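Structural characterization, general
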Amino acid sequence: MKFGLLVDCHVRKDQGQTLAFDEMFGQIDAAEAMGMDSIWIVEHHFRPQASVLSSSMAVAGAVASRTKRVRIGTAVQVLPLGNPLRIAEEVASIDHMSHGRFDFGVGRSSIPKFYEGFNIPYSESTARFTESFEIVMRAFTQDTFSFEGDYYSYHDVSISPRPLQKPYPPIYMAVRTPEGFAATARRGFNVVLWFMGDYYEDRLQIYRDEWRAAGHAEPPEIHVRIPIFIAESEAQGREIPRASVVHDLHRVIAEATAMKAADRVAQAQRYLEDYDEFLGTRVIFGSPESVIERIEEFRERMGMTGLILDMNHGGQIPHEQVINSIRLLTEKVAPRLA
């Protein structure tokens, strides 16, 4: 089992954005020093109430320069929002700066607001993702190429540097549909999943069946992103993050109301009224012992090879307590699940 730290840039109440970046890098330093396996970087746009981490590649480069051991991944790079040739150049550059420690997680995002801010119709997100990903893969694998698509056109271009890892850094696809799982398996790409109460059991079986049928030599990597918080006692593990969860649920209600997503509003309101339901269905909070038990349940049901852990769900947990949660993970939890 591999343990990765999800890093985000949350602005806590009455704190500034610079401090948010400082605390984020402090948590990255702790993860490296305490023995976590990887750092995974998110991407947000036009949602300062959720995060101010809008430049995942810039942060990945900074992480590469201050770490020596951990792998560095994007969870995920939203391909349709950038120039794919430029993204390929940045990935290859970070791959060299990290001495081959980069993992390229990609997706199209389920948040229309990201697209609206860049004046891109969300209805085009799937087609743009498909085209962008094809361009990136050609840039990684072909010395010179041309491309004519609906959104991009390139003529006799090549990127430099080329990726250090051959033929390119490991690819992690954010997928949800059965068709997406099957296509990802056939192409030999890993998957990164967001746990939101769904264990993906049927779709993961499709993924594994298609992987075997394709005859890939190595087993796939299946990484699951989930909120986790660990404290010395069960009561502390449940209560310390409560205010941060409540803060985030109010954000979800505000965003979902603006989007007229009545089902999301109702769900968030239900969680506000029943914190125990939230604890049982959406997160892993508690003592080291109960966290181990829950992770073992996830491993049995999903067969994941790695966890991407959001140690500060809602972004309002004090920095020192996030560091303590990382310490307890590496000292008390990870050794029992190796």
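Residues numbered from 1 in each chain as written. Predicted model: local features only at pLDDT ≥ 70, side-chain atom pairs only at ≥ 80, totals over all residues. Heavy atoms only, no water.

This part is about the overall build of the protein. Scanning the protein for helices and strands turns up 13 helices and 12 strands. On C-alpha atoms alone, the protein measures out to a radius of gyration of 20 Å, which is about the 20 Å that the 2.2 N^0.38 rule sets for 338 residues. Here the C-alpha coordinates of the protein stretch approximately 60 × 45 × 40 Å along the principal axes. In the form shown here, the protein has an accessible surface area of approximately 14,900 Å², with 50% of it arising from carbon and sulfur atoms. Distance from the positive charge centre (36 side chains) to the negative charge centre (46 side chains) of the protein: 1 Å. (Helix = DSSP H or I, 4+ residues; strand = E, 2+ residues; numbered from the N terminus. Rg over C-alpha atoms; globule rule 2.2 N^0.38 Å. Areas by Shrake-Rupley, 256 points an atom, 1.4 Å probe, with all protein chains shown as cover. Lys, Arg positive; Asp, Glu negative; His and termini not counted. Charge placed at Lys NZ, Arg CZ, Asp CG, Glu CD.)

Of all the 6 residues making up strand β1 (residues 2-7), 5 are buried; the element is thus mostly covered by neighbouring parts of the structure. Relative to strand β12 (residues 306-310), β1 is paired through 4 bridges, and the arrangement is parallel. Bridge pairing links Lys2 to Gly306 in β12. Inspection of the sheet shows β1 paired to strand β2 (residues 38-41) by 4 bridges, in the parallel sense. Directly across from Gly4, in β2, lies its bridge partner Ser38. (Buried < 20%, exposed > 50% of the residue type's maximum accessible area, 1.4 Å probe, protein only. Pairing = 2+ DSSP bridges.)

With respect to the helices, strands and loops of the structure, His10 is situated in the loop between β1 and α1 (17-34). In this structure His10 comes out as buried when scored by relative accessible area, which is 15%. Within polar-contact distance, the side chain of His10 engages the backbone oxygen of Ala50 at 3.0 Å. With residues near it in sequence (within four places) discarded, His10 still touches Ala20, Ala50, Asn312 and Gly315. (Polar contact = N/O pair within 3.5 Å; in protein donor to acceptor, adjacent residues only side chain to side chain. Contact = heavy atoms within 4.5 Å.)

A word on the pairing of strand β10 (residues 222-230). Taken residue by residue, a regular strand's side chains alternate between the two faces of the sheet. Within β10, 9 of the 9 residues are buried, which leaves the element mostly enclosed by the surrounding structure. In β10, alternate side chains face the same way, and those of Ile222, Val224, Ile226, Ile228 and Ile230 on one face and His223, Arg225, Pro227 and Phe229 on the other are all buried. Bridging between β10 and strand β11 (residues 284-286) involves 3 bridges; their strand directions are parallel. Residue Ile230 lies in a different strand from β11, and its bridge partner there is Gly286.

Inspection of the entire model under this criterion finds 17 aromatic pairs. Centroid distance Phe104 to Phe140: 6.3 Å. Interplanar angle 70 degrees. Geometry classified as edge-to-face. One end of the pair, Phe104, is in strand β5 (residues 102-107); the other, Phe140, is in helix α5 (residues 125-141), and 36 residues separate them in sequence. The exposure classification of Phe104 matches that of Phe140, with both residues buried. (Phe/Tyr/Trp six-rings, centres within 6.5 Å; stacked < 30°, edge-to-face > 60°.)

Let us now look at helix α13 (residues 319-333). For α13, with 15 residues, the first-to-last C-alpha span of 20 Å sits near the 21 Å given by 1.5 Å per residue. Taken together, the buried positions of α13 are His319, Val322, Ser325, Ile326, Leu328, Leu329, Thr330 and Val333. Looking at the buried positions of α13, the neighbouring elements they touch are β1, α1, β10, α12 (288-302) and β12. (Expected span 1.5 Å × (residues − 1).)

Let's shift gears to the nonpolar core. Membership of the largest hydrophobic core comes to 105 residues, with the highest contact counts inside it found for Phe104, Leu193 and Ile295. At 7 residues, α5 tops the list of elements feeding residues into this core. With near-sequence residues (within four places) excluded, Phe104 lies in contact with Met57, Thr74, Gln77, Leu79, Ile87, Val91, Val136, Phe140, Pro170, Ile171 and Tyr172. Ranked by size, the runner-up nonpolar core spans 5 residues in total, among them Val78, Leu81, Phe114 and Ile120. (Core = buried A, V, L, I, M, F, W, Y, C linked by side-chain atoms within 4.5 Å.)

This brings us to the pattern of salt bridges. The tally for this structure, following the rule as stated, stands at 22 salt bridges. Note that Glu201 is salt-bridged to Arg301, the shortest N-O span being 3.1 Å. In this pair, Glu201 sits in helix α7 (residues 201-214) while Arg301 sits in helix α12, placing the two residues 100 residues apart along the sequence. In this structure, a network of salt bridges that share partners links the residues Arg47, Asp248, Arg251 and Glu255. (Salt bridge = Lys/Arg side-chain N within 4 Å of Asp/Glu carboxyl O.)

The next point concerns unusual backbone geometry. With omega at 0 degrees, the peptide bond leading from Ser160 into Pro161 counts as cis. Structurally, the position occupied by Pro161 is in the loop between β7 (153-157) and β8 (171-174). Residue Pro167 is bonded to the preceding Lys166 through a cis peptide linkage, with omega at 0 degrees. Tracing the backbone through its elements, the reader meets Pro167 in the loop between β7 and β8. Positive phi values are uncommon outside glycine, yet Asp14 reaches one of about 65 degrees. As for its placement among the helices and strands, Asp14 is situated in the loop between β1 and α1. Even without glycine at this site, Phe46 takes up a positive phi of about 60 degrees. For Phe46, the location among the structural elements is in the loop between β2 and α2 (56-66).

By themselves, these figures tell us nothing about what the structure is for.
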